[in-house]
Amino acid sequence: MNKLEQLKQRSQVVADTGDIEAIRRYRPQDATTNPSLLYKAAQLPQYKGLIRESLDWAVNHQGGANPTDTARLAAIKLAVSIGSEILQLIPGVVSTEVDARLSFDTRSTIDYARHLVALYEREGIARERVLIKIAATWEGIAAAEILEQEGIHCNLTLLFCLSQAIACAEAGVTLISPFVGRILDWHLANGDRKAFSGEEDPGVLSVRNIYHYYKSRDYNTIVMGASFRNTAEIEALAGCDRLTISPQLLQSLEDSEGLLVGGLPTVNEPLPRPEGRLSEAAFRYQLNSDAMATEKLAEGIRNFVKDQERLEMLLQSQVMGRRETDAATNP
């Protein structure tokens, strides 16, 4: 077996892409998207039909009076449309992200998530097949706790430290996505070392620590390693509940015929859970004490917002193009 086949025997493999052709090619269990991936996907020729349908839907629901509002609504519909297409190809779930501009607004995050789930259900897709991606801020975790109680399952993303992971587990979140590669990026940029092996990689060590914390204390929250920079990181985390991997790294694993060694332990010594839940004050203090986690969380939110806005600008330009065509056709 190649290394991808071996990996699938130890972890659920998730495709980190909005590219339907890549998902068809690698046959993952699940798939995950984000604003950056949707922006890239929206520029591919095979998505023209979904974009046209999303714009039509947004105009019908919003009236088309304000191009900015139309584009914003169309972006939501497009995310669900791409997610629905992906679900035709995979047996598991797809992750769809809440607008990162709402990362510090609990109530708006809840409303946005409910809207996404309602759109999926109108497509005939049960909420059990959708994970709502939310940034792992205190406000985002609070929103996820409420959503989970409604049967809306959540994937807490942009997670860089143990305090975020603990708060998610205590809130009953379905799944977390600790970022491996972005932790490595920070240490390469801010430390003395310019290279790490897979076993020494600070992102790998962070996920291993979170995984051990969860398994030794019998938390049900799923750990899904994300944001990989190389296959050595992936191999070092073999055995993690799930791993979400880009098409490029999936190809590298498929092309490798070597033996996949290493990975996470299969047995973790039982440990007691904390007596009380992590408080908001403790969460914020611990996050603030971790320069890497603080900086990468803020940067991740900014970058997702940037790509969300770029996607909406792309859709808005098509709204304006339609108006110009209509004006020329019907002077």
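Residues numbered from 1 in each chain as written. Predicted model: local features only at pLDDT ≥ 70, side-chain atom pairs only at ≥ 80, totals over all residues. Heavy atoms only, no water.

K.L.:
Lay out the overall build of the protein chain in plain terms, naming residues and giving numbers.
P.N.:
From N to C terminus, the protein chain includes 14 helices and eight strands. Expected size for 331 residues packed as a compact globule is a radius of gyration near 20 Å; at 20 Å, the protein chain falls within 12% of this value. Counting only C-alpha atoms, the protein chain reaches 75 × 50 × 40 Å along its principal axes. Across the 331 residues in the protein chain, those meeting the buried criterion constitute 55%. Taking as baseline every contact in the protein chain between residues at least 6 positions apart, the subset at least 24 positions apart corresponds to 68%. Element-wise, carbon and sulfur atoms account for 50% of the exposed surface of the protein chain, whose accessible area totals about 14500 Å². Positive and negative charge centroids in the protein chain, built from 35 and 44 side chains respectively, lie 2 Å apart. (Helix = DSSP H or I, 4+ residues; strand = E, 2+ residues; numbered from the N terminus. Rg over C-alpha atoms; globule rule 2.2 N^0.38 Å. Buried < 20%, exposed > 50% of the residue type's maximum accessible area, 1.4 Å probe, protein only. Contact = heavy atoms within 4.5 Å. Areas by Shrake-Rupley, 256 points an atom, 1.4 Å probe, with all protein chains shown as cover. Lys, Arg positive; Asp, Glu negative; His and termini not counted. Charge placed at Lys NZ, Arg CZ, Asp CG, Glu CD.)

K.L.:
Could you give an account of the pattern of salt bridges, naming the residues involved and the relevant values?
P.N.:
For the structure on display, the rule yields 21 salt bridges. With its nearest N and O atoms 3.8 Å apart, the salt bridge here joins Arg 114 to Asp 111. With a gap of three residues between them, Arg 114 and Asp 111 both fall in helix H6 (residues 106-122), about one helical turn apart. In this structure, the salt-bridge partner of Glu 280 is Arg 284, at a minimum N-O distance of 2.9 Å. Taken together, the positions of Glu 280 and Arg 284, both in helix H13 (residues 280-289) and four residues apart, correspond to about one turn of that helix. A residue is classified by how much of its surface remains accessible, and Glu 280, at 37% relative accessible area, is partly exposed. Each of Arg 72, Asp 99, Arg 101 and Glu 312 takes part in salt bridges that share partners, so that together they form one network. (Salt bridge = Lys/Arg side-chain N within 4 Å of Asp/Glu carboxyl O.)

K.L.:
Describe in detail the nonpolar core, supporting the description with residues and values.
P.N.:
In this structure, Leu 7, Ile 132, Leu 156, Ile 176, Tyr 214 and Ile 245 are the most contacted members of the largest nonpolar core, which totals 104 residues. Sorting elements by how many residues they give to this core places helix H5 (residues 67-87) first, with eleven residues. The residues touching Leu 156, leaving out its near neighbours within four places in the chain, are Ile 134, Ala 135, Ala 136, Gly 140, Ile 141, Ala 144, Cys 168, Val 173, Leu 175, Ile 176 and Ser 177. Val 14, Val 93, Leu 131 and Met 224 belong to the second-largest nonpolar core, a separate cluster that totals six residues. (Core = buried A, V, L, I, M, F, W, Y, C linked by side-chain atoms within 4.5 Å.)

Any functional reading would require information that these geometric values do not contain.
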